[in-house]
Amino acid sequence: MEDLPEYLTIREVSKLLRITPGTVRNRLCTGAPMPASFRVGRERLFDRRAVEAWLQEAQAKYISDRRPRTT
């Protein structure tokens, strides 16, 4: 992901997450888990490092949720 710009647009984030730009917008509007973002004028931007951290966190949660629980 090093070749990505410092700030990503909704379209770039949607490609990275493999979801449509509309789904990104819907998730932002409904408060569903998404990386932090901010607006500059009419554009919503995501800090690339925050997106990468969010992906790693989501992956770690997914892996820990799939491990069999031992009691």
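Counting restarts for each chain, with residues numbered from 1 along the sequence as it is written. Totals for whole chains, interfaces and linings use all residues, but because this is a predicted model, local features are given only for residues with pLDDT of at least 70 and pairs of side-chain atoms are given and counted only at 80 or more. The side-chain quantities take in all heavy atoms of the structure and omit both hydrogens and water.

What should I look at first to understand the nonpolar core in this one?
Nonpolar side chains in soluble globular proteins tend to end up buried together. Put simply, a nonpolar core is a bunch of buried Ala, Val, Leu, Ile, Met, Phe, Trp, Tyr and Cys residues held in one set by side-chain atoms that sit within 4.5 Å of each other. Throughout this description, buried means an accessible area under 20% of the type-specific maximum (1.4 Å probe, protein chains only), exposed means over 50%, and partly exposed covers the range between. Of all hydrophobic cores here, the largest spans eight residues; its members are Leu8, Ile10, Val13, Leu17, Val24, Met34, Phe46 and Val51. Ranked by the residues each element gives to this core, the list is headed by helix H1 (residues 10-17), at three residues. Helical segments are the DSSP runs of H or I of at least four residues, strand segments are the runs of E of at least two, and each set is numbered from the N terminus.

Sorry, what's going on with the pairing of strand S3 (residues 43-47) here?
A regular strand places its side chains so that they alternate between the two faces of the sheet. Paired strands, as defined in this entry, are two strands with at least two bridges between them according to DSSP. Inspection of the sheet shows strand S1 (residues 7-9) paired to S3 by three bridges, in the antiparallel sense. Bridging across to S3, Tyr7 finds its partner in Asp47. Of the pairings in the sheet, the one linking strand S2 (residues 37-40) to S3 comprises four bridges and is antiparallel in character. In the strand pairing of S3, Val40 is matched with Glu43. Between S2 and S3, which follow one another and run antiparallel, lie two residues, and Gly41 among them has a positive phi close to 65°.

Please clarify how the sheet that holds S3 should be interpreted in this entry.
Backbone hydrogen bonds hold the strands of a sheet together, and the pairing may be parallel or antiparallel. Pairing within the open sheet is antiparallel, and its three strands lie in the order S1-S3-S2. The open sheet is flanked by S1 and S2, the only strands paired with a single partner. When the angles between neighbouring strand axes are averaged without regard to direction, this sheet yields 40°. Only heavy atoms enter the contact rule, under which two residues are in contact if any of them lie within 4.5 Å. Working convention: axes come from line fits to C-alpha atoms, limited for helices to the stretch in contact. Angles between N-to-C directions cover 0 to 180 degrees. Across the face of the sheet, H1 comes into contact with S1 and S3 while running at roughly 90° to S1. Running over the sheet, helix H3 (residues 48-66) touches S1 and S3 and is turned about 60° from S3.

When you look at the environment of Ile19 in this model, what are you seeing that I'm missing?
With respect to the element layout, Ile19 can be found in the loop between H1 and helix H2 (21-30). With sequence-adjacent residues up to four places away left out, Ile19 is seen in contact with Ser14, Val24 and Arg27.

I'm lost on H3 in this one. Help?
Count 3.6 residues to each turn of an α-helix, and residues three or four apart come out pointing the same way. Under the convention used throughout, the expected extent of a helix is 1.5 Å for every residue step, that is, one less than its residue count. The terminal C-alpha atoms of H3 lie 27 Å apart, and with 19 residues this matches the ideal 27 Å at 1.5 Å per residue to within 8%. Residues of H3 that are buried: Arg48, Val51 and Glu52. Along the axis of H3, the buried positions cluster into a sector of 100°, meaning they face one direction only. Turned more than 90 degrees away from the buried face of H3 sit Glu57 and Lys61, all of them exposed. Think of a polar contact as two N or O atoms within 3.5 Å of one another; within protein, one of them needs to be a possible hydrogen donor and the other a possible acceptor, and neighboring residues in sequence only count if both atoms come from side chains. The opening residue of H3 is Asp47, an N-cap whose side-chain oxygen sits 2.8 Å from the backbone nitrogen of Arg49. Note that the arc is defined by the directions from the helix axis to the C-beta atoms.

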